[in-house]
Amino acid sequence: LEGFEGLTPEPRGGEIRRPETVVEFDVAFPSGALTLAGSITMARGAKGAPAVVLISGSGPQDRNENVVRGKGDAEQFAWQGPDWNIFKSIAYALSGAGVTVLRYDDRGCGKSGGDFATAKLSDFTADAEAAVAFLRSREGTGPVGLVGHSEGAVIAPIVASRDPKIAAIFLMAGTARPLDAVLLEQIGARMRESGMKEEAIAPLLEGQKAVFGRIKASKEDILEIDERKTFIGWMREHFRHDPLAQIARVKAPVVILQGTMDRQVFPEHAGLQLGVEAQAFAE
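Residues numbered from 1 in each chain as written. Predicted model: local features only at pLDDT ≥ 70, side-chain atom pairs only at ≥ 80, totals over all residues. Heavy atoms only, no water.

Colleague: Describe the nonpolar core, listing the residues and the values that go with them.
Modeller: Among the nonpolar cores identified, the biggest contains 34 residues, and Phe 29, Val 53, Ile 55, Leu 102, Tyr 104 and Leu 146 are the most heavily contacted of them. Here this core gets 8 residues from one element, more than from any other, and that element is helix H2 (residues 121-137). Not counting chain neighbours up to four residues away, the residues in contact with Tyr 104 comprise Phe 29, Leu 36, Ala 37, Gly 38, Val 53, Leu 54, Ile 55, Asp 62, Arg 63, Asp 127, Ala 128 and Ala 131. Within the second largest apolar cluster, 11 residues are counted, among which are Leu 184, Ile 201, Ile 215 and Ile 232. (Core = buried A, V, L, I, M, F, W, Y, C linked by side-chain atoms within 4.5 Å. Buried < 20%, exposed > 50% of the residue type's maximum accessible area, 1.4 Å probe, protein only. Helix = DSSP H or I, 4+ residues; strand = E, 2+ residues; numbered from the N terminus. Contact = heavy atoms within 4.5 Å.)

Following this line, the structure appears as structure tokens:
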């Protein structure tokens with residue numbers, strides 16, 4: 001954080017100005033049969049600078065990590081508030097410090113091709129690997145690292161464990177447990193906050209756990225849940241994936257960033273990733 005003391009975030013939904021020392025341009029690159037679209041920011045005149053790929057969280061998001069409607073209106077979201085443009089802020093700050101940054105629209109979102117509604121964890125991982133390959137293919141690119149947020153923090157260790165050339169990974173609000181366990185944590189916490197008693201919570205969690213068990217055991221991508229056919233390919237791959245075991249395979253340096261007031265991924269996950277108890281991590 002040296003040099004960023006006193007940095008004040010832009011107001012929610014406010015204009016984010018690109019530093020005069022930073023250049024920005026749009027790019028497109030292949031991921032299998034798809035073409036993904038994104039933007040590169042870099043210090044003006046930089047050559048051989050370190051670079052990172054920004055990997056977004058779950059849900060259909062554009063290159064700035066704003067939730068968007070997937071192509072064909074396949075994904076409907078109620079969020080009507082202002083865009084946060086989190087990845088744009090991060091890209092401008094990093095490039096202002098001399099780091100080249102590639103951020104891209106999720107498949108099926110923004111200007112990227114493909115279908116978001118039927119994409120799995122393995123598909124988003126392949127897209128991140130394609131982004132790394134594209135960034136490396138550009139003349140003058142230095143060592144490449146990864147910055148992953150939420151689901152992106154699950155994907156980054158997968159990519160890094162497969163690619164020994166990844167220089168470092170930065171995980172923001174990443175989980176240390178499979179998604180089914182995380183969802184049960186969230187559901188239980190919300191119920192307790194609402195004042196429900198443990199004897200009422202337990203059977204509800206067991207019922208949810210049974211549904212998750214069906215999803216995890218399924219061999220098909222479509223499963224009938226509550227008389228409705230649901231695409232479960234994305235959930236099944238997450239339910240079967242152990243983030244803690246995955247991060248143990250990473251040889252590159254790892255920076256773990258976790259908010260102590262996070263209501264989605266509790267702070268103890270960072271302690272688990274570090275191999276220490278939550279209290280020791282907090283201290």
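Colleague: Describe the pattern of salt bridges, listing the residues and the values that go with them.
Modeller: Applying the stated rule across the entire model yields 14 salt bridges. With a shortest N-O distance of 2.8 Å, Asp 127 and Arg 107 are connected by a salt bridge. Taken as a pair, Asp 127 in helix H2 and Arg 107 in the loop between strand S4 (100-104) and H2 lie far apart in primary sequence, 20 residues in all. As far as burial versus exposure is concerned, Asp 127 and Arg 107 are alike and both buried. A salt bridge links Arg 162 to Glu 129, with the shortest nitrogen-to-oxygen separation between them at 3.1 Å. On the criterion of sequence distance, the pair formed by Arg 162 in helix H3 (residues 151-162) and Glu 129 in helix H2 is long-range, its members being 33 residues apart. (Salt bridge = Lys/Arg side-chain N within 4 Å of Asp/Glu carboxyl O.)

Colleague: Residue-level account of unusual backbone geometry, with values.
Modeller: In the Ramachandran plot, Ala 173 falls in the positive-phi region, its phi being about 55 degrees despite a non-glycine side chain. Relative to the helices and strands, Ala 173 resides in the loop between strand S6 (169-172) and helix H4 (179-193). Phi at Glu 227 takes a positive value of approximately 65 degrees, unusual for a residue other than glycine. Residue position: Glu 227 is located in the loop between strand S7 (222-225) and strand S8 (228-231).

Colleague: So what's going on with the packing of aromatic side chains? Residues and values would help.
Modeller: As enumerated under the stated definition, the model contains 4 aromatic pairs in all. When the centroid spacing of 5.9 Å and the interplanar angle of 85 degrees are considered together, the rings of Phe 29 and Tyr 104 count as edge-to-face. With a gap of 75 residues between them, Phe 29 in strand S1 (residues 22-31) and Tyr 104 in strand S4 connect regions that are remote in the sequence. For Phe 29, a relative accessible area of 1% translates into the label buried. Of the residues examined, Tyr 104 reaches a relative accessible area of 7% and is grouped as buried. A centroid spacing of 5.2 Å and a plane angle of 15 degrees characterise the contact between Phe 29 and Phe 134, whose relative ring orientation is stacked. On the criterion of sequence distance, the pair formed by Phe 29 in strand S1 and Phe 134 in helix H2 is long-range, its members being 105 residues apart. (Phe/Tyr/Trp six-rings, centres within 6.5 Å; stacked < 30°, edge-to-face > 60°.)

Colleague: Before we move on, could you go through the packing of H4 against helix H5 (residues 198-217) and cite the residues and values that matter?
Modeller: Packing of H4 against H5 brings their axes to within 10 Å, and their N-to-C directions diverge by 160 degrees. Relative to H5, H4 is oriented roughly antiparallel. Where H4 crosses over H5, the handedness of that crossing is right-handed. Contact residues: Asp 180, Leu 183, Leu 184, Ile 187, Gly 188, Met 191 and Arg 192 in H4; Glu 198, Ile 201, Leu 204, Leu 205, Gln 208, Lys 209, Phe 212 and Lys 216 in H5. (Axes fitted to C-alpha atoms, helices over the stretch in contact; angles between N-to-C directions. Parallel < 35°, antiparallel > 145°, perpendicular 65-115°, else oblique. Left-handed = near helix turned anticlockwise from the far one by under 90°.)

Colleague: Any chance you could break down a nonpolar patch on the surface for me, citing the residues and the numbers?
Modeller: Residues Phe 170, Val 255 and Leu 257 make up a contiguous nonpolar surface patch of about 220 Å² in total accessible area. Of note, Phe 170 is situated in strand S6. What makes Phe 170 partly exposed here is its relative accessible area of 31%. (Patch = residues over 30% accessible without salt bridge, like charges linked within 9 Å, V, L, I, M, F, W, Y side chains within 5 Å. Areas by Shrake-Rupley, 256 points an atom, 1.4 Å probe, with all protein chains shown as cover.)

Colleague: Quick rundown of the pairing of strand S5 (residues 144-149)? Include the residues and the values.
Modeller: In summary, the side chains of a regular strand alternate between the two faces of the sheet. Among the 6 residues in S5, 5 count as buried, and that is most of the element. The pairing of strand S3 (residues 51-55) with S5 spans 5 bridges and is parallel. Following the sheet pairing, Leu 54 is matched in S5 by Val 147. Here 4 bridges tie S5 to S6, and the two strands are oriented parallel to one another. If you follow His 149 over to S6, its bridge partner there is Met 172. Handedness of the crossover joining S5 and S6 through H3 is recorded here as right-handed. (Pairing = 2+ DSSP bridges. Right-handed = clockwise from strand over helix to strand, strands pointing away.)

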